[in-house]
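Here's the letter readout for the chains.
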Amino acid sequence: MAPEQKETDALVIGCQDYRDSDKILTLLTRDYGRISCIAKGAKKSKKRFVNKLEVYSFLHITFTDYPNRSLGFLNEAELHTSFIQIRNSASLYIFSSIIQEVLLQSTREREADFSLFQVSLWALHNLNEQLPPETVLTLFLLRLYDILGYRPDFSSCLQCGAKTGNNLNFHFHIQSGGIICARCNKQSSNRHLLQGTIKFLATAQNQPVEKLHRIKAEKKIIKEALHLLHHYGRNILQRDIIAWKMLKQPEKSL
Ligand SMILES: [Zn+2]
């Protein structure tokens, strides 16, 4: 098979220096999933790559794909946007770092998934647009787990089937990704969820991505939802996401 020329849109989710003058990029692409590409001469100020190949850049790329080789060769990159607000804000950078690390840990090469690309782009775009970063991260994680096949169920009790929305209390069961009502689990030391949190998460699961930015919730609801998704994610990925530690301070007060 001959090498193939391909083009697509891509988010840079990893960037490493390689040898004297090259960079190796990890890209989340619209059409080919996660790929790695070498950018020859990228460290020297060659015009075609200058200031483009940074983490979080949103690019249009052309690359050469070689048969039986995982590393593509980056031919050209045009910058759609560099999400400048994220780079210039230390606090936004923490949130984008969590998104970046979760993406690196949860994706495999060459598994094309448009919805994954779409929600990742949505998250960086809305962080950059100054939507509350806790809300962006919460919605991103909720939708990401769904895409990965771990859609949490907020509709009814896992054990007795009691529906949410009446006056029953529920807590989230991390191992099974669903909620259990207070009648079924009287001994649980877990605090029950706010009714608003369950409603918020269930609503957000069913919105099209392009409308997610319209969903708003009180701070205490976002805080509780984010806490839940952080711990649920640790169970799904079976590892800690190191970047969460930078958010540790507010987490402690939960
Ligand atoms: Zn129950």
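Model, not experiment: these values are computed from the prediction. (Residues numbered from 1 in each chain as written. Predicted model: local features only at pLDDT ≥ 70, side-chain atom pairs only at ≥ 80, totals over all residues. Heavy atoms only, no water.)

Participant: Help me understand the sheet that holds strand 1 (residues 4-18), please; the structure alone is not making it clear to me.
Facilitator: Either a parallel or an antiparallel arrangement is found when strands of a sheet pair, and the pairing is made through backbone hydrogen bonds. With respect to topology, 5 strands assemble into a closed barrel ordered 1-2-3-5-4, the strand pairing being mixed. Each neighbouring strand pair of the sheet contributes to a mean axis angle of 50°, computed without reference to strand direction. Sheet strands in contact with helix 2 (residues 90-106) are strand 1, strand 2 (22-29) and strand 3 (33-39), and its direction is about 115° off that of strand 1. (Pairing = 2+ DSSP bridges. Helix = DSSP H or I, 4+ residues; strand = E, 2+ residues; numbered from the N terminus. Axes fitted to C-alpha atoms, helices over the stretch in contact; angles between N-to-C directions. Contact = heavy atoms within 4.5 Å.)

Participant: Help me out: how do you make sense of the packing of aromatic side chains in this one?
Facilitator: Describing an aromatic ring pair means giving the distance of the ring centres and the angle of the ring planes. All told, the structure shown has 6 aromatic pairs when counted by the stated rule. Arranged with centres 6.2 Å apart and planes meeting at 50°, the rings of Phe 58 and Phe 117 form a pair that is tilted. Of the two residues, Phe 58 is situated in strand 4 (residues 58-65) and Phe 117 in helix 3 (residues 114-128); the sequence distance between them amounts to 59 residues. In this structure Phe 58 comes out as buried when scored by relative accessible area, which is 10%. Cluster of aromatic residues (ring-pair linked, three or more members): Tyr 145, Phe 154, Phe 172 and Tyr 232. Here Arg 69 stacks its cationic end above the ring of Tyr 66, 4.3 Å away from the centre of that ring. (Phe/Tyr/Trp six-rings, centres within 6.5 Å; stacked < 30°, edge-to-face > 60°. Buried < 20%, exposed > 50% of the residue type's maximum accessible area, 1.4 Å probe, protein only. Lys NZ or Arg CZ within 6 Å of the ring centre and 35° of its normal.)

Participant: Can you walk me through the coordination of the zinc ion in this structure?
Facilitator: For the zinc ion, the protein coordination sphere consists of Cys 157 (SG), Cys 160 (SG), Cys 181 (SG) and Cys 184 (SG), at 2.3 to 2.4 Å. For the zinc ion, the 4 donor atoms in the first shell make angles of 104 to 116° at the metal, so the coordination geometry reads as tetrahedral. Sequence spacing of the donor residues for the zinc ion, all on one chain, is C-x2-C-x20-C-x2-C. Here Cys 157, found in strand 6 (residues 153-157), pairs with Cys 181, found in strand 8 (residues 178-181); they are 24 residues apart in sequence, far enough to count as distant. Residue Cys 157 is classed as buried on the basis of its relative accessible area of 3%. (Donors = N, O, S within 2.8 Å, 3.2 Å for Na, K, Ca; no water. Tetrahedral: all angles 85-135°; square planar, octahedral: opposite > 155°, others 65-115°.)

Participant: Mind showing me how you'd approach the pattern of salt bridges here?
Facilitator: Where charged atoms of side chains with opposite charge meet at close range, the side chains can pair. Tallied over the full model, the rule gives 8 salt bridges. Residues Arg 108 and Glu 111 are paired through a salt bridge, measuring 3.2 Å at the closest nitrogen-oxygen approach. Exposure remark for Glu 111: the relative accessible area of 42% places this residue in the partly exposed category. Arg 234 is the salt-bridge partner of Asp 240, the closest N and O atoms lying 3.1 Å from each other. Through salt bridges that share partners, Lys 6, Asp 65 and Arg 110 make up one connected network. (Salt bridge = Lys/Arg side-chain N within 4 Å of Asp/Glu carboxyl O.)

Participant: It is not clear to me how the pairing of strand 7 (residues 170-173) should be interpreted in this structure. Could you clarify?
Facilitator: Sheet faces and side chains relate simply in a regular strand, where the side chains alternate between the two faces. Two strands pair when backbone bridges link them, and strand 7 and strand 8 are joined in this way by 4 bridges, in the antiparallel orientation. Bridging from a neighbouring strand, His 171 pairs with Ile 180 of strand 8. Connecting the antiparallel pair strand 7 and strand 8 is a turn made up of 4 residues, with Gly 177 showing a positive phi of about 65°.

Participant: Looking at this structure, I do not really get the domain arrangement of the chain. What am I missing?
Facilitator: A common way to express how large an interface is: the accessible area buried when the components associate. When cut into domains, the chain gives domain 1 (4-82) and domain 2 (85-252). One C-alpha centre belongs to domain 1, the other to domain 2, and the line joining them spans 30 Å. Taken together, the contact between domain 1 and domain 2 spans 25 residues of the former and 20 residues of the latter. Carbon and sulfur atoms make up 57% of the surface buried where domain 1 meets domain 2, a total of about 2,000 Å² over both sides. Our count for the contact surface shared by domain 1 and domain 2 stands at 1 salt bridge. Between Arg 110 and Asp 65 there is a salt bridge, with its nearest N and O atoms 2.8 Å apart. Run the count over domain 1 and domain 2 and you get 13 residue pairs in polar contact (both at pLDDT 80 or more). (Domains from an automatic or database assignment. Buried area = accessible area lost by both parts, 1.4 Å probe. Polar contact = N/O pair within 3.5 Å; in protein donor to acceptor, adjacent residues only side chain to side chain.)

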